[in-house]
Amino acid sequence: MTTHDLLVRASRAVTPEGERAVTVAVTDGRITAVLPGADAPATADREITLADDEVLLPGLVDSHVHVNEPGRTEWEGFASATRAAALGGVTTIVDMPLNSVPPTTTVDGLSTKRSVARDQVAVDVGFWGGAVPENSTPGTTKELRALHEQGVYGFKAFLSPSGVDEFGHLSPDQLRTAAEAIGEFGGQIIVHAEDPSVLDEAPAASGREYADFLASRPDEAEHEAIALVIETARRTGTRAHILHLSSASALPLIAQARADGVPLTVETCPHYLTLEAEAIPAGATQFKCCPPIRDHANRDLLWRALSDGLIDCVVSDHSPSTPDLKDLDTGDFGTAWGGVSGLQVGFSAVWTEARRRGVPLVDVVRWMSSGPARVAGVEGKGAIVEGGDADFAIVAPEEPLRVVARDLQHKNPVSAYDGADLVGRVRRTILRGADVDLAAPVGRLLTRG
């Protein structure tokens, strides 16, 4: 009988075939067999047997994380972000090309990012490139191809100001130029879709009332920008991905584009699925993000779109900053930095709301593991299948969890989930067959393909 390195025996495991009892065999960090039954006859150097209240999940994949290192490492860093990821059951993250300095818009910027990440990541880390005016006008797009050849998973673009000077937003013509160039080498463009002209015409955000901030980022801004992305993808044939969809008003546009065969995928985030505008207190700037958290009815429509398959995945958009930038002392939504810090608690937050709605765990895992892996193109991740990486999260889905921001591994103790009572505790995270050791990180830097 063949002896493996590790056997994981689970009476409940989430696999592509659904939830079932399995014995997972692991050798050299890869899954070598998924055997039916938790007591399948097999031998290994060591075994893990899950408790009766535990479920084996594939390691979660979060393809939208702002690590911010280098340049703004006081906001977050690779060590703290990947520790937080591991404790949240996330075994792979893909880092956004901002708000680091330099941004990942050149090969040199990517090299700098990789050099500082190396040897301090607790989970596996891939990288997005950035499409900015400097590499998205005629005659400048060779840098996009060079980044693609260096293994970035795609290119992020903003259609409205990003909030940082070193990462400019694209005009419609620049979006078209970037998409055409990216399509030539089979890449994808991922877009922060808010229309700047609509934002300019909206009332300026100021003061402590969340309703005033919400009015400054109307649904129409997303709707118009998403229409532009769809038309660009339709004309160029380049794969396009809508980042952090917040407004359900754009769902009919997305549905029609899908029906027409436009190469389009869509993500949303835990905060849009679990929080609602009506419940955000005055001055609570930890809830500020762009696009904004919208109302209860909008949230219900996002859940329906997920269940219908119109939204492909759920990712954190972990976008932290130092507490002073959130203007917690004044509570001014107009001046506070926009971004929700939720990497470590994203799974538990979504599962808590899904459970309340009667949504099964297998759906949540698809949205937060195989979905992001597929959209980003991260190979070997997101499913318990033979040949895949042996990345697992062992979760107690009914165990209560009280979120305390200061106890999270995020670098700064600011979270929209502070004080929240959730369910679904991650008890153990395994990367390529070994328990994640926060003190001795062994994560790898990933490249596309």
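Data block above holds the structure.
Nothing here was measured: the structure is a model prediction, and the numbers come from that model.

Quick word on the overall build of the protein chain
- Along its length, the protein chain carries twelve helices and 17 strands.
- Relative to its length of 449 residues, the protein chain is compact, with a C-alpha radius of gyration of 21 Å against a globular reference of 22 Å.
- C-alpha atoms of the protein chain, sized along the principal axes, occupy 70 × 50 × 45 Å.
- Relative to its 449 residues, the protein chain shows a buried fraction of 59%.

A few points about the sheet that holds strand 7 (residues 90–95)
- If you trace the three strands from one edge of the open sheet to the other, you get 6-7-8, paired in parallel fashion. Each edge of the open sheet carries a strand with a single partner, namely strand 6 (60–65) and strand 8 (124–127). Each adjacent strand pair in this sheet contributes to an overall mean axis angle of 20°, direction not counted.
- In this sheet, strand 7 lies alongside strand 6 in parallel orientation, the contact comprising four bridges. Along strand 7, the bridge assignment pairs Val65 with Asp95.
- In this fold helix 1 (residues 78–87) packs onto strand 7 and strand 8, with an angle of close to 140° to the strand it touches most, strand 7.

Considerations on the nonpolar core
- Membership of the largest hydrophobic core comes to 96 residues, with the highest contact counts inside it found for Leu57, Leu245, Ile254 and Phe347.
- Excluding anything up to four places from it in sequence, Ile254 contacts Ile226, Ile230, Leu245, Leu264, Val266 and Leu310.
- Counting residues in each nonpolar core, the second largest holds 16 residues, with Ala10, Val24, Leu50 and Ala390 among its members.

A closer look at a negative patch on the surface
- A contiguous patch of negative charge, built from Asp200, Glu201, Glu220 and Glu224, is present on the exposed surface.
- The set of elements that each furnish at least two residues to the negative patch consists of helix 5 (196–201) and helix 7 (219–236).
- Tracing the backbone shows Asp200 in helix 5.
- Of the residues examined, Asp200 reaches a relative accessible area of 67% and is grouped as exposed.

Some words on the sheet that holds strand 14 (residues 313–314)
- Reading across the sheet, the six strands line up as 9-10-11-12-13-14 and stay open at both edges, with parallel pairing between neighbours. A strand with exactly one partner marks an edge of an open sheet, and here the two such strands are strand 9 (129–130) and strand 14.

Points about the pattern of salt bridges
- Inspection of every chain in the model, using the stated rule, returns 31 salt bridges.
- Asp435 is paired through a salt bridge with Arg428; the nearest N and O atoms lie 2.6 Å apart.
- Residue classification places Arg428 among the partly exposed positions, given a relative accessible area of 31%.
- Here the residues in one salt-bridge network are Arg30, Asp124, Lys381, Asp389, Asp391 and Arg432, joined through shared partners.

Considerations on the packing of aromatic side chains
- By the definition in use, this model includes eight aromatic pairs.
- On the basis of an interplanar angle of 65° and a centroid distance of 5.9 Å, the ring pair of Trp303 and Trp367 is categorised as edge-to-face. Taken as a pair, Trp303 in helix 10 (residues 296–308) and Trp367 in helix 12 (residues 361–376) lie far apart in primary sequence, 64 residues in all. Just as Trp303 is buried, Trp367 falls in that class too.
- Aromatic ring contacts, followed pair by pair, group Tyr210, Phe213 and Phe333 into a single cluster.

Thoughts on the side chain of Thr15
- Assignment of secondary structure puts Thr15 in strand 1 (residues 3–15).
- Within the structure, the side chain of Thr15 is placed 3.1 Å from the side chain of Arg20, a separation counted as a polar contact.

Thoughts on helix 11 (residues 346–357)
- The end-to-end C-alpha distance of helix 11, which contains twelve residues, comes to 17 Å, matching closely the 16 Å that a straight helix rising 1.5 Å per residue would cover.
- Burial of helix 11 is extensive: nine of the twelve residues sit out of reach of the surface.
- What helix 11 keeps buried is the set Gly346, Phe347, Ser348, Ala349, Val350, Trp351, Thr352, Glu353 and Ala354.
- Positive backbone phi, approximately 80°, marks Gly358, located one or two places after helix 11.

As for the pairing of strand 3 (residues 30–36)
- Where strand 2 (residues 18–27) and strand 3 come together, six bridges link them in antiparallel fashion. Among the inter-strand pairings, Val26 is bridged to a residue of strand 3, identified as Ile31.
- Linking two consecutive strands that pair antiparallel, namely strand 2 and strand 3, is a turn of two residues; a positive phi of about 55° is found at Asp28 within it.

A word on the pairing of strand 11 (residues 188–192)
- The buried fraction of strand 11 is high, at five of five residues.
- Burial along strand 11 is two-sided: the face carrying Gln188, Ile190 and His192 and the face carrying Ile189 and Val191 are both buried.
- Traced from strand 10 (residues 155–158) through helix 4 (residues 172–184) to strand 11, the parallel crossover comes out right-handed.
- Both strand 11 and strand 12 (residues 239–242) contribute to a ladder of four bridges, which runs parallel.

Things to note about unusual backbone geometry
- Omega for the peptide link from Glu69 to Pro70 comes to 0°, which places this bond in the cis form.
- Relative to the helices and strands, Pro70 is located in the loop between strand 6 and helix 1.
- With an omega of -5°, the peptide bond running from Cys290 to Pro291 counts as cis.
- Within the secondary structure layout, Pro291 lies in the loop between helix 9 (270–274) and helix 10.

Quick look at the state of the cysteines
- Per the counting criterion, the structure on display carries zero disulfides.
- Distance from the sulfur of Cys269, which forms no disulfide, to the nearest cysteine sulfur (Cys289) is 7.8 Å.
- Distance from the sulfur of Cys290, which forms no disulfide, to the nearest cysteine sulfur (Cys289) is 6.8 Å.

How each quantity is defined
- Residues numbered from 1 in each chain as written.
- Predicted model: local features only at pLDDT ≥ 70, side-chain atom pairs only at ≥ 80, totals over all residues.
- Heavy atoms only, no water.
- Helix = DSSP H or I, 4+ residues; strand = E, 2+ residues; numbered from the N terminus.
- Rg over C-alpha atoms; globule rule 2.2 N^0.38 Å.
- Buried < 20%, exposed > 50% of the residue type's maximum accessible area, 1.4 Å probe, protein only.
- Pairing = 2+ DSSP bridges.
- Axes fitted to C-alpha atoms, helices over the stretch in contact; angles between N-to-C directions.
- Contact = heavy atoms within 4.5 Å.
- Core = buried A, V, L, I, M, F, W, Y, C linked by side-chain atoms within 4.5 Å.
- Patch = residues over 30% accessible without salt bridge, like charges linked within 9 Å, V, L, I, M, F, W, Y side chains within 5 Å.
- Areas by Shrake-Rupley, 256 points an atom, 1.4 Å probe, with all protein chains shown as cover.
- Salt bridge = Lys/Arg side-chain N within 4 Å of Asp/Glu carboxyl O.
- Lys, Arg positive; Asp, Glu negative; His and termini not counted.
- Charge placed at Lys NZ, Arg CZ, Asp CG, Glu CD.
- Phe/Tyr/Trp six-rings, centres within 6.5 Å; stacked < 30°, edge-to-face > 60°.
- Polar contact = N/O pair within 3.5 Å; in protein donor to acceptor, adjacent residues only side chain to side chain.
- Expected span 1.5 Å × (residues − 1).
- Right-handed = clockwise from strand over helix to strand, strands pointing away.
- Disulfide = S-S within 2.5 Å.

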